[in-house]
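The residues making up each chain are set out below.
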Amino acid sequence: MYKAIEWRHDGRTLYLTMNRPASLNAVDADLHTELARVFADAAQDEASDVIVLTGAGRAFCAGGDLAWQQQAADDPDSFEQTAVEAKQIIFSILDCEKPIIAKVNGPAVGLGCTMALFCDVIFANEDTFLSDPHVSVGMVAGDGGAVIWPQLIGYARAKEYLMTGDRIPARKAAEMGLINHAVPAAALDAAVSDFARRLERSAIKAVRWSKVSVNIGLKQLAHTIMDSSIAYEALTNVSADHREALAALREKRAPVFGPQRAKTHG
């Protein structure tokens, strides 16, 4: 049923593992489509009460795959499907009544970071980092970052990190309230498993509906923001700065944006 996401049960916990380790679980068209429906399917899984989202190999998720981003820039109409799926990813996480734990085993970047932050409880390897560097590729953080970051760390810090794309070490992220826990890499599996077991043994209806109650306001906020933020992201998908950023990534050089690009080529 799923090619890019591995399903595994451990007790009453369902582990969903993004499984493109060779690309650091970067999101391509296939994985994006699967992410748009996996949380709705997991919500209906009768064998689980708790969900853990993680990545295979060294990373949680490295954000958008470069070839997929280039395809979207070359064929802007294809971004229409991406926009629909982007909303499905976020709202299916928010709508899922089962608690979702993010196990951030390695870098969580771009959409990967957004998904982690929308999970209910976030554990991270203390040696890794989180970032939303949409701006570094000339794009708006329209796929949920503009919604969730201000709710977790306030508007001033959220705007700083979304406008720069700077990396946040996991320990600092925990200190500022962006994530719940930063633990040693060797202890991450046990920390997540122990917390999942604790939830499994809880009054699960009370746990689920507490999540539902808290998420009411967050869902209302997401509904007011995401159409506009994704529309702005679509505009940047066809921008000269985005094309320059993709070219720079392919050529392994620093991008030159806006007026500076004209001076460079003048």
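The structure presented is a predicted model; accordingly, all values stated were derived computationally and were not measured.

Each value, and the rule that gives it
Residues numbered from 1 in each chain as written. Predicted model: local features only at pLDDT ≥ 70, side-chain atom pairs only at ≥ 80, totals over all residues. Heavy atoms only, no water. Disulfide = S-S within 2.5 Å. Buried < 20%, exposed > 50% of the residue type's maximum accessible area, 1.4 Å probe, protein only. Phe/Tyr/Trp six-rings, centres within 6.5 Å; stacked < 30°, edge-to-face > 60°. Lys NZ or Arg CZ within 6 Å of the ring centre and 35° of its normal. Helix = DSSP H or I, 4+ residues; strand = E, 2+ residues; numbered from the N terminus. Pairing = 2+ DSSP bridges. Axes fitted to C-alpha atoms, helices over the stretch in contact; angles between N-to-C directions. Core = buried A, V, L, I, M, F, W, Y, C linked by side-chain atoms within 4.5 Å. Contact = heavy atoms within 4.5 Å. Left-handed = near helix turned anticlockwise from the far one by under 90°. Nonpolar A, V, L, I, M, F, W, Y, C, P; charged D, E, K, R; others polar. Parallel < 35°, antiparallel > 145°, perpendicular 65-115°, else oblique. Expected span 1.5 Å × (residues − 1).

**Q** An account of the state of the cysteines is requested, with residue identities and associated values reported.
**A** Using the criterion set out here, one finds 0 disulfides in the structure. Free cysteine: C96, not disulfide-bonded; nearest cysteine sulfur from C119 at 9.7 Å. According to the relative accessible area criterion, C96 is buried, its value standing at 2%. In this model C113 remains outside any disulfide bridge; the closest cysteine sulfur is found in C61, 9.8 Å from its own. Assessed through its relative accessible area of 0%, C113 is described here as buried.

**Q** With reference to specific residues and values, describe the packing of aromatic side chains.
**A** Scanning the model with the defined rule gives 3 aromatic pairs in all. It is R8 that lies over the ring of Y15; its NZ or CZ is 4.3 Å from the centre. Stacked on the ring of Y2, the Lys or Arg R37 has its end atom at 4.3 Å from the ring centre.

**Q** Outline the side chain of Q70, supporting the account with residue identities and numerical values.
**A** In this fold, Q70 is placed in helix α2 (residues 66-74). Look at Q70 and you get buried, because its relative accessible area is 17%.

**Q** Provide a residue-level description of the sheet that holds strand β4 (residues 100-104), including the pertinent values.
**A** Taken together, the 6 strands give an open sheet; going across it, the order is β1-β2-β3-β4-β6-β9, and neighbouring strands pair in mixed fashion. The sheet is open, and its two edges are formed by β1 (5-10) and β9 (181-183), each paired on a single side. For this sheet, the mean angle separating the axes of adjacent strands, direction not counted, is 20°. Examined bridge by bridge, strand β3 (residues 50-55) and β4 share 3 bridges and lie parallel to one another. Looking at β4, one finds that V52 is bridged to I101.

**Q** Residues and numbers for the nonpolar core, please.
**A** Counting 58 residues, the largest nonpolar core has L16, L35, L117 and W149 as the members making the most contacts within it. Examining the composition of this core, we find that 7 residues originate from one element, helix α3 (residues 79-95), more than from any other. The contact partners of L35, leaving out residues within four places of it in the chain, are I5, M18, V27, I89, S92 and M115.

**Q** How would you summarise the packing of α2 against helix α10 (residues 240-251) if you had to cite specific residues and measurements?
**A** Working note: a packed helix pair is described by the angle between its axes plus the distance between those axes. Two elements in contact, α2 and α10, have axes whose closest approach is 11 Å; the angle formed by their N-to-C orientations is 145°. The hand of the α2/α10 crossing is left-handed. Across from L66, Q69, Q70, A73 and D74 in α2, the residues of α10 making contact are H242, R243, L246, L249 and R250. Here the contact of α2 with α10 is composed, by residue class, of 4 nonpolar, 3 polar and 3 charged.

**Q** Tell me about the sheet that holds strand β8 (residues 168-169), and please be specific about residues and values.
**A** Strand order in this open sheet of 3 strands is β5-β7-β8, and the pairing throughout is mixed. Because the sheet does not close on itself, it has two edges, and the strands there are β5 (108-109) and β8. Bridging between β5 and strand β7 (residues 129-131) involves 2 bridges; their strand directions are parallel. Bridge pairing in β7 links V109 to S131.

**Q** Could you give an account of the packing of helix α1 (residues 29-43) against α3, naming the residues involved and the relevant values?
**A** Where α1 contacts α3, the two axes come as close as 8 Å, and the packing angle between them is 30°. Accordingly, the angle class assigned to the pair α1 and α3 is roughly parallel. Crossing geometry of α1 relative to α3 is assigned as left-handed. For the pair formed by α1 and α3, the contact residues are H32, T33, L35, A36, F39 and A40 on the first element and Q81, T82, E85, A86, Q88, I89, S92 and I93 on the second. In terms of residue class, the contact of α1 with α3 is built from 7 nonpolar, 6 polar and 1 charged.

**Q** Go over α3 with me, naming the residues and quoting the values.
**A** The end-to-end C-alpha distance of α3 is 24 Å, a good match for the 24 Å that 17 residues give at a rise of 1.5 Å each. Its buried side turned inward, α3 meets α1, α2, β4, α4 (111-118) and α9 (204-237).

All quantities given are derived from atomic positions and should not be read as evidence of function.
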